[in-house]
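In case you want the letters, here they are:
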Amino acid sequence: MPTAHQSADLILRLYELRRDPEMRAARDWFFSRFHPKSAQEVFAQWMGPDSAHYRMVTTYWEMAATLVTHDAIDPGMFHAANTEYAAVIAKLGPFLAELRALARTPHYLEQLERVVQGMPDGESRLDGFRRYMKHKEQQGNRD
């Protein structure tokens, strides 16, 4: 297991990556404007010509989760310092099985899913994110 200092150092490095302007734009798009209704819609975005924002967000959080599942970051510290990763699964979770089949990638976002499943009070937190994203979608429909 990593020391608290090692975990903190990696978490701070991950935070620095999140501050990149392009990453900020991708995160804003993913959480405020991307509201898929089906696995096919997610798959089309993922594989389409404008997939950069989708891929930036999902691969970033899969990478971060991999650091947790491979013991580079203490899970408790990761859960305490971050929340956004759970929102990715709240949004994509209903489609993961079908996405994996469509892409023929059986382990797609598997590390992220494992970390989210290990969250304290995970299901209630996921419900909160689902409500928040539904609110964001409704706000966007009024603009």
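Shown above is the structure to which this text applies.
Residues numbered from 1 in each chain as written. Predicted model: local features only at pLDDT ≥ 70, side-chain atom pairs only at ≥ 80, totals over all residues. Heavy atoms only, no water.

Okay, the overall build of the protein next. Each helix and strand in the protein was counted, giving 9 helices and 0 strands. Tracing the protein from N to C terminus, the helices and strands come up as α-α-α-α-α-α-α-α-α. By the compact-globule yardstick of 15 Å for 143 residues, the protein fits well, its C-alpha radius of gyration being 15 Å. Within the span of the protein, comprising 143 residues, buried residues form 43% of the whole. A total accessible area of about 8000 Å² is found for the protein, and carbon and sulfur atoms account for 54% of it. (Helix = DSSP H or I, 4+ residues; strand = E, 2+ residues; numbered from the N terminus. Rg over C-alpha atoms; globule rule 2.2 N^0.38 Å. Buried < 20%, exposed > 50% of the residue type's maximum accessible area, 1.4 Å probe, protein only. Areas by Shrake-Rupley, 256 points an atom, 1.4 Å probe, with all protein chains shown as cover.)

Further remarks concern the packing of aromatic side chains. Per the counting criterion, the structure on display carries 13 aromatic pairs. On the basis of an interplanar angle of 20 degrees and a centroid distance of 4.7 Å, the ring pair of tryptophan 29 and phenylalanine 34 is categorised as stacked. Judged by relative accessible area, which is 14%, tryptophan 29 ranks as buried. A cation over an aromatic ring shows up here: lysine 91 above the ring of phenylalanine 30, its NZ or CZ 5.2 Å from the ring centre. (Phe/Tyr/Trp six-rings, centres within 6.5 Å; stacked < 30°, edge-to-face > 60°. Lys NZ or Arg CZ within 6 Å of the ring centre and 35° of its normal.)

This brings us to the pattern of salt bridges. In the structure shown here, the tally under the stated rule is 10 salt bridges. Its salt-bridge partner being glutamate 84, residue arginine 18 comes within 3.7 Å of it at the nearest N-O pair. Here arginine 18, found in helix 1 (residues 4–18), pairs with glutamate 84, found in helix 6 (residues 84–92); they are 66 residues apart in sequence, far enough to count as distant. The exposure class of arginine 18 is buried, given its relative accessible area of 14%. With a closest N to O distance of 2.8 Å, glutamate 113 and arginine 100 form a salt bridge. Linking glutamate 113 in helix 8 (residues 110–117) with arginine 100 in helix 7 (residues 96–103), this pair joins segments that are 13 residues apart in sequence. For arginine 100, a relative accessible area of 15% gives the class buried. (Salt bridge = Lys/Arg side-chain N within 4 Å of Asp/Glu carboxyl O.)

Once that is clear, we can look at the packing of helix 6 against helix 8. Interaxial distance between helix 6 and helix 8 falls to 10 Å at its minimum, and their mutual angle equals 110 degrees. By the angle class used here, helix 6 and helix 8 are roughly perpendicular. The segment helix 6 lies against helix 8, with Tyr85, Ala86, Val88 and Ile89 engaging Leu112, Glu113, Val115 and Val116. Per-class residue counts for the contact of helix 6 with helix 8 are 7 nonpolar, no polar and 1 charged. (Axes fitted to C-alpha atoms, helices over the stretch in contact; angles between N-to-C directions. Parallel < 35°, antiparallel > 145°, perpendicular 65-115°, else oblique. Contact = heavy atoms within 4.5 Å. Nonpolar A, V, L, I, M, F, W, Y, C, P; charged D, E, K, R; others polar.)

It is worth spelling out the side chain of threonine 69 at this point. Looking at where threonine 69 falls in the secondary structure, it is placed in helix 4 (residues 52–69). Overall, threonine 69 belongs to the buried group, its relative accessible area being 18%. Within the structure, the side chain of threonine 69 is placed 3.2 Å from the side chain of histidine 70, a separation counted as a polar contact. Once residues within four sequence positions are removed from consideration, threonine 69 is found in contact with Gln111, Arg114 and Val115. (Polar contact = N/O pair within 3.5 Å; in protein donor to acceptor, adjacent residues only side chain to side chain.)

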